[in-house]
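Close look at the chain arrangement
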Amino acid sequence: MSLLDSARQVRENAYAPYSKFKVGAAVRGASGTVYSGVNVENVAYPEGTCAEAGAIAAMVAAGETEITEVAVIADSPTPVPPCGGCRQKLAEFARHDTPVTLATTEGERLDTTVGDLLPGRFDMSHMENT
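In short, a report on the structure. (Residues numbered from 1 in each chain as written. Predicted model: local features only at pLDDT ≥ 70, side-chain atom pairs only at ≥ 80, totals over all residues. Heavy atoms only, no water.)

As for the overall build of the chain
Which entries qualify depends on this criterion: Only runs of H or I of at least four residues qualify as helices and only runs of E of at least two qualify as strands under DSSP, and these elements are numbered from the N terminus. Two things to know: the radius of gyration comes from C-alpha atoms, and the globule rule equals 2.2 Å times the number of residues to the power 0.38. Burial status follows relative accessibility: with a 1.4 Å probe on protein chains alone, a residue under 20% of its type maximum counts as buried, one over 50% as exposed, and anything between as partly exposed. Whether two residues are in contact is decided by their heavy atoms: any pair within 4.5 Å suffices. Only the protein chains shown count as cover for residues, with accessible areas throughout obtained via the Shrake-Rupley method and a probe of 1.4 Å. Lys and Arg are tallied as positive, Asp and Glu as negative. Neither His nor the chain termini are counted. Just so you know, the charge point we use is NZ for Lys, CZ for Arg, CG for Asp and CD for Glu.
Each helix and strand in the chain was counted, giving four helices and five strands. Along the chain direction, N to C, the helices and strands of the chain fall in the order α-β-β-α-β-α-β-β-α. Compactness check: the chain gives a C-alpha radius of gyration of 14 Å against a globular reference of 14 Å for 130 residues, within 12% of the reference. Along the longest, intermediate and shortest principal axes, the C-alpha atoms of the chain span 45 × 35 × 30 Å. Looking at the 130 residues of the chain, the share that counts as buried comes to 39%. Taking contacts inside the chain between residues at least 6 apart in sequence as the whole, the part at least 24 apart equals 59%. When the accessible surface of the chain is totalled, it reaches about 7200 Å², and 54% of it is carbon and sulfur. Placing the 10 positive and 17 negative side-chain charges of the chain at their respective mean positions leaves the two points 4 Å apart.

Here it is in structure tokens:
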């Protein structure tokens, strides 16, 4: 199963009773293991979580800290990029050139990288004086 297929499959489990906008994400760790996540809404908006954050949390909970590939899918007219916060979360665990596939449920896709999603990212080098 491809990483995009993993994201597509888990998307069905998203908890989106308010927006009805289900998102699925999958990340591949350095071990090759795939970790999936979905958006989880909460009536006390904006206390929900994004699909990308869920996939990253599953990866870290399993003991991995390096992302080698990302896929995100939603039922949208065009591929949906991660929000700003999730871009920074991805940048925490992925290299600049880590591939990212953004897709729609109808088959449109956009292939990019973590670096292209978040140019000028904040990273550990900015904290060297502390």
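Thoughts on the pattern of salt bridges
One side chain can pair with another of opposite charge once the charged atoms of both are near each other. Applicable threshold: Put simply, a salt bridge is a Lys or Arg side-chain nitrogen that is within 4 Å of an Asp or Glu carboxyl oxygen.
Within the structure shown, the criterion is met by four salt bridges. Among the ionic pairs, R109 bridges to D111, the shortest N-O distance being 3.0 Å. According to the relative accessible area criterion, R109 is partly exposed, its value standing at 47%.

Some details on unusual backbone geometry
Put simply, Y45 and P46 share a cis peptide bond, and its omega is 10°. With respect to the helices, strands and loops of the structure, P46 is situated in the loop between β2 (34-38) and α2 (51-61). Here K20, not a glycine, exhibits a phi torsion of approximately 65°, which is positive. Here K20 shows up in the loop between α1 (3-11) and β1 (23-29). Overall, K20 belongs to the exposed group, its relative accessible area being 62%.

Quick word on helix α3 (residues 84-93)
The test is simple: Arc definition: directions from the helix axis to the C-beta atoms.
Of the positions making up α3, those classed as buried are C86, L90 and A91. All buried residues of α3 lie within an arc of 145° about the axis, which places them on one face of the element. In α3, the exposed positions that point more than 90 degrees away from the buried face belong to G84 and E92. Looking at the buried positions of α3, the neighbouring elements they touch are β1, α2, β3 (67-74) and α4 (114-117).

Concerning the environment of S36
With respect to the helices, strands and loops of the structure, S36 is situated in strand β2. It is 4.2 Å that separates the C-alpha atoms of S36 and A26, two residues lying ten residues apart in sequence. Ignoring any residue separated from it by four or fewer positions in sequence, one finds S36 in contact with S6, V10, A25, A26, G54, A55 and A58.

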